[in-house]
Amino acid sequence: MTSSSSPSQDTRRLAQDYPDGLRADALMEEDVAWSHEIDGERDGDQFDRSERAALRRVAGLSTELEDVTEVEYRQLRLERVVLVGVWTSGTVQDADNSLAELAALAETAGALVLDGVTQRRDKPDPATYIGSGKALELRDIVVETGADTVICDGELSPGQLIQLEDVVKVKVIDRTALILDIFAQHAKSREGKAQVSLAQMQYMLPRLRGWGQSLSRQMGGGKGGGLATRGPGETKIETDRRRIREKMAKMRREIAEMKTGRDIKRQERRRNKVPSVAIAGYTNAGKSSLLNRLTGAGVLVENALFATLDPTVRRAETPSGRLYTLTDTVGFVRHLPHHLVEAFRSTMEEVGDADLILHVVDGSHPVPEEQLAAVREVIRDVGATDVPEIVVINKADAADPMVLQRLLRNEKRSLAVSARTGLGIEELLALIDNELPRPSVEIEALVPYTHGKLVARAHNEGEVLSEEHTAEGTLLKVRVHEELAAELAPYVPAPAA
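For every chain, the first residue of its written sequence is number 1, and the numbers climb from 1 along that sequence. Reporting in this predicted model follows two pLDDT cut-offs: at least 70 for local features of residues, and 80 or more for side-chain atom pairs to be given and counted; totals over whole chains, interfaces and linings ignore these cut-offs and use all residues. To obtain the side-chain values, all non-hydrogen atoms of the structure were used and water was disregarded.

An unreviewed UniProt entry lists the protein under the name GTPase HflX, with Streptomyces hyaluromycini as the source organism. UniProt positions are given in the numbering used here, feature names are shortened, and annotations may be inferred rather than shown by experiment. Listed under Subunit (unreviewed entry) in UniProt, the entry text for the protein is "Monomer. Associates with the 50S ribosomal subunit."

**Q** I keep staring at the overall build of the protein and nothing clicks. Help me out?
**A** In this text, helices come from DSSP runs of H or I with a minimum length of four residues, and strands from runs of E with a minimum of two, each type numbered from the N-terminal end. Scanning the protein for helices and strands turns up 16 helices and 14 strands. Long-range contacts, defined as pairs at least 24 residues apart, comprise 70% of the intrachain contacts of the protein with a sequence gap of at least 6. All accessible areas in this document rest on Shrake-Rupley with a 1.4 Å probe, and a residue is counted as covered only by the protein chains that are shown. Of the roughly 23600 Å² of accessible surface on the protein, a fraction of 50% belongs to carbon and sulfur atoms. In this analysis, two residues are considered to be in contact whenever any of their non-hydrogen atoms come within 4.5 Å of each other.

**Q** Is there a simple way to think about the sheet that holds strand β9 (residues 356-362) in this case?
**A** Consider a sheet: its strands pair through backbone hydrogen bonds, and that pairing is either parallel or antiparallel. Criterion used throughout: strands pair if DSSP finds at least two bridges between them. Taking strand neighbours across the sheet as the criterion, the six strands line up as β7-β8-β6-β9-β10-β11 in an open arrangement whose pairing is mixed. The open sheet is flanked by β7 (312-317) and β11 (414-416), the only strands paired with a single partner. Neighbour-to-neighbour, the strand axes of the sheet open up by a mean angle of 25°, direction not taken into account. Bridge count for β7 against strand β8 (residues 323-328) is six bridges, and the pairing is antiparallel. By the bridge assignment for β8, arginine 314 is matched with leucine 326. Between N-to-C directions, angles cover 0 to 180 degrees, with each direction set by a line fitted to C-alpha atoms, over the stretch in contact for helices. Of the strands in this sheet, β10 (389-394) and β11 touch helix α13 (residues 401-410), which is tilted by about 160° from β11. Seen against the sheet, helix α14 (residues 425-435) touches β6 (276-281), β8, β9, β10 and β11 and runs at an angle of roughly 150° to β9.

**Q** Honestly, helix α6 (residues 175-186) in this entry has me stumped. Any pointers?
**A** Structurally, the α-helix is built with 3.6 residues per turn, so residues lying three or four positions apart point the same way. Helix span, expected: 1.5 Å multiplied by one less than the number of residues in the helix. Compared with the 16 Å implied by 1.5 Å per residue over twelve residues, the 17 Å span of α6 between its first and last C-alpha is a close match. Relative accessibility thresholds used throughout: buried, under 20% of the residue-type maximum; exposed, over 50%; partly exposed, between the two (1.4 Å probe, protein chains only). Within α6 the residues assigned to the buried category are Arg175, Thr176, Ala177, Leu178, Ile179, Leu180, Asp181, Ile182, Phe183 and His186.

**Q** What am I meant to see in the environment of arginine 245 here?
**A** Within the secondary structure layout, arginine 245 lies in helix α8 (residues 236-271). Relative accessible area serves as the criterion here: at 48%, arginine 245 is assigned to the partly exposed category.

**Q** Sorry if this is basic, but what is going on with the pattern of salt bridges here?
**A** Two side chains that carry opposite charge are able to pair once their charged atoms sit near each other. Salt bridges are defined as contacts in which a side-chain nitrogen from Lys or Arg sits within 4 Å of a carboxyl oxygen from Asp or Glu. Here the structure, examined in full by the defined rule, presents 15 salt bridges. Residue arginine 376 pairs with glutamate 389 through a salt bridge whose shortest N-O separation is 2.9 Å. With arginine 376 in helix α12 (residues 368-381) and glutamate 389 in strand β10, this pair connects stretches of sequence that are 13 residues apart. Accessibility expressed as a relative area gives 23% for arginine 376, which makes it partly exposed. Among the ionic contacts, a cluster of salt bridges with common partners joins Glu101, Asp153 and Arg175.

**Q** Is there a simple way to think about the sheet that holds strand β12 (residues 441-447) in this case?
**A** Taken together, three strands build an open sheet; the order of strands is β12-β14-β13 and the sheet is antiparallel. For this open sheet the edge positions go to β12 and β13 (463-469), each flanked by a neighbour on one side alone. Neighbour-to-neighbour, the strand axes of this sheet turn through a mean angle of 10°, independent of strand direction. Pairing of β12 with strand β14 (residues 474-480) involves seven bridges; the strand directions are antiparallel. Paired with leucine 446 across the bridge in β14 is leucine 475. Running at roughly 145° to β13, helix α15 (residues 452-461) makes contact with β12, β13 and β14 of the sheet.

**Q** Teacher, can you tell me more about α15 here?
**A** Taken together, the buried positions of α15 are Leu454, Val455, Ala458 and Glu461. Along the long axis of α15, the arc covered by the buried residues comes to 150°, so they all point the same way. Against the buried residues of α15 lie β12, β13, β14 and α16 (482-488). Picture the helix axis, draw a direction to every C-beta atom, and the arc is the one those directions span.

**Q** Please clarify how the side chain of serine 98 should be interpreted in this entry.
**A** With respect to the secondary-structure elements, serine 98 resides in helix α3 (residues 92-108). Residue class for serine 98 comes out buried when judged on its relative accessible area of 15%. The residues contacting serine 98, other than those within four sequence positions of it, are Asp153, Arg175 and Arg334.

**Q** Can you walk me through unusual backbone geometry in this structure?
**A** Even without glycine at this site, asparagine 284 takes up a positive phi of about 70°. Structurally, asparagine 284 can be placed in the loop between β6 and α9 (287-295). Even without a glycine there, the phi angle at lysine 395 is positive, about 60°. In this fold, lysine 395 is placed in the loop between β10 and α13.

**Q** Would you take a moment to explain the packing of aromatic side chains for this structure?
**A** Two measures describe an aromatic ring pair: the distance that separates the ring centres and the angle between the ring planes. Note on aromatic pairs: the rings of Phe, Tyr and Trp (six-membered ring only in Trp) are paired at centre separations within 6.5 Å, and the planes decide the class, stacked below 30 degrees, edge-to-face beyond 60, tilted for the rest. The full count for this structure, using the stated rule, is zero aromatic pairs. The ring of tryptophan 87 is capped by arginine 120, whose NZ or CZ atom sits 4.7 Å from the centre of that ring. A ring is scored as having a charge over it whenever the NZ atom of a lysine or the CZ atom of an arginine sits within 6 Å of its centre and within 35 degrees of its normal.

What follows is the structure, given as structure tokens:
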């Protein structure tokens, strides 16, 4: 499809559809300020909130399009941005929802969204992503709004980035770079920072640029050294690429070493037969709020995309007294960059090794089915398709009743809850208790009081059906795993004559 030279029906200004500007509120309806009086009991101490609130962009920085003498990855210092998307399939509403999500991502990164446009095309233009004519129109919008950055709703090739920048005369970034920037802001743990750095370097490697003297070659190698001029050596950009590859190799080794520590902790939980539940879901669906509601973990809760990155593992107890671990994982998003899936694979393995997945979906979202599909695609990528899943429809207090009914009807094992009000939490705990794998051996034993450790293990590792204290010891009727059953076997009472 050829682009026309004037605004027409294939280019839509989304500011007309959102009179107040294309804001993050278009995606996040439950926009309620956190307060200690209202939310303190549910969300814990929230120690990260003051630190996160201090992360603010500095206005007035350059767009970095002028020549520099060093080849470097340009930092995403976003200020005033215009969004642009290519609508290749689906409905108009699908295209608008995708750009609204991009606006939420941009605002999470600290940008002010000024305008948004979409173009109807069969496929993105291989040269400028939106075509030469539409690129000129985009340039007019940039001048009109005073923007200094353009964000494209897709992953652009290095050539597309360069050519589109040449036309619009401001910095151009794509969806992948934007998500990486948010991850870099929010990563706190050593492992999280290493994973983000690796993903950034993987993205950066084919997109390095050289300006001016940066393309000059170093002196070639020779036998005598000094004035050796046998042949041309590496260019500066080639040297930078080699250094990045070396850093990536080092980063992969460090992540592998950190993964060993995580595996040891996971093996210890398996050895103690503690079942594990992983909370997975779309970003901003309310995973951290649900974790806080169930365990009082005090994990950061914020109305923003990718507010928490580092996985949090907390101990919890079912209504029947069975212990299990609850893990909050990194949020997913549509078109999650492949670099991130690879870099965060060790973190996402928590989902694959779980006994049960709580798949949290935002019930107040316009199209929650898209969130479900996007998360399940990543779950397939990490090989967790065989793990039982419960669909937890969060924000039920703010959701459309018709949407809730549709989801509950389409998803066989699903439950509507509200982490904010506590609606449905007791039913969810009962469902977790019912779905967690149960110990295989049922046994009745009279344990002497001198062996109290066995009684404690029965409570921690098994399911106590009944307990009675007698003169000879503690009479237990429990369901336990085979190893503990063998240790309890000598204390099984002899059958009555």
